Amino acid sequence: MKPRHRESLSIMTELNVTPLMDLAFSLLIIFMISTPLLEQTIPINLPKQDEHTASKRPEIDFQIISINKSGQIYWGKQPVSMDELNNLLHSIAGKKEPPAISLRADFTLPYQKIVDVIDAIKRNNLTKLHLDTEVK
């Protein structure tokens, strides 16, 4: 009888890790699919910049303004008109520590469209401006 008792204990002490591995692989697949969707939702072809002259963006609070190839302006992910953009810029300019502005514009846009947005930023005395580019 003793040998049977030892066999039953050895069977009970084994841990089946197969369900845990299935869960780990499922989570890995979910994160691999969802991570690229979190990065950018507005497709913009940024101008190219030589990687040797590219500087890393410091870790500060940014408000992203994007302009797609058709000239539509976005405040974060929300489409806005030029008047709405002016109002939004005015509202953040009044803050004690206004965020820096990160301007992302399609490289095929007429230069005047980009200058109009930069003028709106300057009119509101927001001096921290970052122009996004894509490294070659």
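The structure displayed is predicted, hence computed values, not measured ones.

Draft legend 1. Spotlight on the pairing of strand 5 (residues 100–105). Of all six residues in strand 5, six are buried; the element is thus mostly enclosed. Residues Ala100, Ser102 and Arg104 of strand 5 are buried on one face, and the alternating residues Ile101, Leu103 and Ala105, pointing to the opposite face, are buried as well. Pairing of strand 2 (residues 62–67) with strand 5, which is carried by six bridges, proceeds in the parallel orientation. Bridge pairing in strand 5 places Ile67 opposite Ala105.

Draft legend 2. Quick peek at the sheet that holds strand 3 (residues 73–75). With mixed pairing, five strands are arranged side by side in an open sheet as 4-3-2-5-6. If you trace the sheet from one side to the other, it starts and ends with strand 4 (78–80) and strand 6 (129–131), each paired once. On average, each strand axis in the sheet is inclined to that of its neighbour by 30°, with strand direction left out of account. Here strand 3 pairs with strand 4 via three bridges, running antiparallel. Bridging across to strand 4, Ile73 finds its partner in Val80. This element, helix 3 (residues 82–93), spans strand 2, strand 3, strand 4 and strand 5 of the sheet and lies at about 30° to strand 3.

Draft legend 3. Inspection of the pairing of strand 2 at higher detail. Of all six residues in strand 2, five are buried; the element is thus mostly enclosed. Relative to strand 3, strand 2 is paired through three bridges, and the arrangement is antiparallel. Of the residues in strand 3, the one forming a bridge with Ile65 is Trp75. What sits between the antiparallel neighbours strand 2 and strand 3 is a turn of five residues, in which Gly71 has the positive phi angle 95°.

Thresholds applied
Residues numbered from 1 in each chain as written. Predicted model: local features only at pLDDT ≥ 70, side-chain atom pairs only at ≥ 80, totals over all residues. Heavy atoms only, no water. Buried < 20%, exposed > 50% of the residue type's maximum accessible area, 1.4 Å probe, protein only. Helix = DSSP H or I, 4+ residues; strand = E, 2+ residues; numbered from the N terminus. Pairing = 2+ DSSP bridges. Axes fitted to C-alpha atoms, helices over the stretch in contact; angles between N-to-C directions. Contact = heavy atoms within 4.5 Å.

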